[in-house]
Amino acid sequence: MIDRDDIEAKARELEEALQGAGESLRSKAAMGTVGMAAALALAYLRGRRRGRSKGARIEIHRL
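Below, the structure is looked at part by part. All residue numbers here refer to positions counted from 1 along the written sequence of the relevant chain. The predicted origin of the model limits local features to residues at a pLDDT of at least 70 and limits the giving and counting of side-chain atom pairs to 80 or more, whereas totals for whole chains, interfaces and linings rest on all residues. Note that the side-chain values use all heavy atoms of the structure and ignore hydrogens as well as water.

### Remarks on the overall build of the protein chain
Inclusion rule: Under the scheme used here, helices are H or I runs from DSSP no shorter than 4 residues and strands are E runs no shorter than 2 residues, and both carry numbers assigned from the N terminus. We call a residue buried when its accessible area falls under 20% of the maximum for its residue type, exposed when it is over 50%, and partly exposed in between, using a 1.4 Å probe and counting protein chains only. Shrake-Rupley sampling with a 1.4 Å probe provides the accessible areas, and residues are treated as covered by the protein chains on show and by no other component.
Per the secondary structure count, the protein chain includes one helix and zero strands. The buried share of the protein chain, taken over its 63 residues, is 0%. Taken as a whole, the protein chain presents about 6,600 Å² of accessible surface, with 60% of it coming from carbon and sulfur.

Structure below.
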């Protein structure tokens, strides 16, 4: 026979398992966000550097 205590114990066990999984997912999401921000910053800086080196040069001569 299943008692109320058995059901409560199983519910607590499931809740603990879900909380552990939630924390794991949050840490993975945070690491993914940091990685994406770093990649975006690197792409921006590389593009900025390339734009400076390949920019148009204008020479003005006075007559």
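### Quick look at the pattern of salt bridges
Close approach of charged atoms lets side chains of opposite charge pair. Put simply, the rule reads: Any Lys or Arg side-chain nitrogen located within 4 Å of an Asp or Glu carboxyl oxygen qualifies as a salt bridge.
Enumeration according to the criterion identifies three salt bridges in this entry. One salt bridge in this structure joins arginine 4 and glutamate 8, with 3.0 Å as the shortest N-O distance. Note that arginine 4 and glutamate 8 are positioned in helix α1 (residues 4-53) at a spacing of four residues, about one turn of the helix. Classification of glutamate 8 by relative accessible area gives partly exposed; the value is 30%. Taking the shortest distance from any N to any O, the salt bridge between lysine 10 and glutamate 13 comes out at 3.6 Å. You can see lysine 10 and its partner glutamate 13 sitting in helix α1, three residues apart, about one turn around the helix.

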